[in-house]
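# A closer look at the structure
Spelled out, the chains give:
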Amino acid sequence: MEHPKDTLRVGVIGTGVMGADHAHNLARGVRGASLAAVADADVGRAKTLAAEVGADQVFADGTEMIGSGAVDAVIIAVPDPFHADLIHAALDAGLPVLCEKPLTPTVEEAVRIIRKHDALKRPLLTVGFMRRFDPGYLAMRRRLASGSEGALLMTHSCHRNVEAYPGQDSSATVTNSAVHEIDVLPWLAGSPITEVQWLSGRPSSLIDERIDPQLLLMRSADGVLHTVELQVHAQYGYDVRCELVCERGSIEMPPVPALIEAEEYIVSTDLSRRSAYPADWRPRFAAAYRAELAAWVEASLSGTIPEEAATARDSLRTTIVAETLVRSMNEDGARLRVPSIESVLGEED
């Protein structure tokens, strides 16, 4: 894309849960975008999705799609280990990229991508930390910025899943689930995380593959303390909470904001009050995914990246913090300093 176009032809690489969701959102209509193609090694699944959403072309390989000339931009939604090669191919082709989190599984791979991206004439890479586009988080950030409750002192977050993804160990709770809090909390607070500690107590008897729940303690450069409780096998529902504790009050997300999206209700009857929880992250963050996609399309057409979106450097910071937390886990809950992104990139004076 040497020059902006009126319509961005988007290709979706990966037709699993997230790729299919992005494809369906594009098919429902995103201003300035059309769904041009889907790609997946499982060609049968890709063809089925293409038929559902009206995609014109199907590719068995994402790299082939990138080089085909059939798309102006790509969404990468394949398993984490395959992100790096596809990102490199898209950057070489000059295509805007929206890559699902994490950017890459390791710091080393992310550094290589950032060095290539820094050499480009214009930014092309956005990482899909969608909570930055969630109405609840955005409202809290605006309220905090107003200063009405005074300076931020602490944050408390809770992240619970119905059941753990099979075949993963305790570190995956940090690297696959907690990364959302690791990204969004510094974004809310306006200060990077510089110190971390991983803790656990009595583990749940309902899961053997990993320690559950886990508690993360993180301190930012300006002294704000973040606590994050993670329970990935909580059974009762998908539940995300966040509270910002300030000098003169607190700012808290309303409970289960996905109820309106899911067209469910709070029921009061027989001297009781009850409501439903979403089964996973998709209904809870449906509005955030749509807003993220719309912002990415608009920015791609104008040759930029969305102002609120996570950049490659933001994603690298998140990966550095996650790796340090896993090291704390492996060192019996040691309190550890987080390497700065400048030191990792070799940019310190």
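Before reading further, recall that the structure is shown in the block above.
What counts as what
- Residues numbered from 1 in each chain as written.
- Predicted model: local features only at pLDDT ≥ 70, side-chain atom pairs only at ≥ 80, totals over all residues.
- Heavy atoms only, no water.
- Axes fitted to C-alpha atoms, helices over the stretch in contact; angles between N-to-C directions.
- Helix = DSSP H or I, 4+ residues; strand = E, 2+ residues; numbered from the N terminus.
- Parallel < 35°, antiparallel > 145°, perpendicular 65-115°, else oblique.
- Contact = heavy atoms within 4.5 Å.
- Salt bridge = Lys/Arg side-chain N within 4 Å of Asp/Glu carboxyl O.
- Buried < 20%, exposed > 50% of the residue type's maximum accessible area, 1.4 Å probe, protein only.
- Pairing = 2+ DSSP bridges.
- Core = buried A, V, L, I, M, F, W, Y, C linked by side-chain atoms within 4.5 Å.

## A short note on the packing of helix α4 (residues 83–93) against helix α5 (residues 107–118)
In the contact formed by α4 and α5, the axes pass within 11 Å of each other and the chain directions differ by 5°. One way to sum up the angle between α4 and α5 is to call them roughly parallel. Within the contact between the two elements, α4 uses A84, I87, H88, L91 and D92 and α5 uses E109, R112, I113, K116 and H117.

## Considering the pattern of salt bridges
Enumeration over the complete set of coordinates arrives at 19 salt bridges. For D40, the salt bridge identified is with R45, shortest N-O distance 2.9 Å. Under the relative-accessibility criterion, D40 is labelled buried at 11%. One salt bridge connects R160 with E229, and the closest N-O pair in it is separated by 2.9 Å. Placement of R160 in strand β7 (residues 152–160) and of E229 in strand β10 (residues 225–231) is noted, with a sequence separation of 69 residues between them. Judged by its relative accessible area of 23%, E229 falls in the partly exposed class. If you follow the salt bridges from partner to partner, you end up with R132, D183, D314 and R317 in one network.

## A closer look at the sheet that holds β10
Spatial strand order, β12-β11-β7-β10-β9-β8-β15: 7 strands in an open sheet with mixed pairing. Each having just a single partner strand, β12 (250–252) and β15 (336–337) make up the two edges of the open sheet. Pairing of strand β8 (residues 193–199) with strand β9 (residues 214–220) involves 6 bridges; the strand directions are antiparallel. Looking across to β9, one finds that Q197 is bridged to L217. Each of β7, β8, β9, β10 and β11 (239–246) touches helix α7 (residues 170–189); the most contacted strand, β10, lies at about 145° to it.

## Considerations on the nonpolar core
Ranked by size, the top nonpolar core spans 80 residues in total, and within it V74 and Y137 carry the most contacts. A total of 9 residues in this core trace back to one element, the largest contributor, which is α7. Aside from chain neighbours lying at most four places away, what touches V74 is G11, I13, M65, I66, A90, L95, P96, V97, L98 and W296. Formed by 22 residues, the second largest nonpolar core is a distinct cluster that contains A20, V38, A55 and L301.

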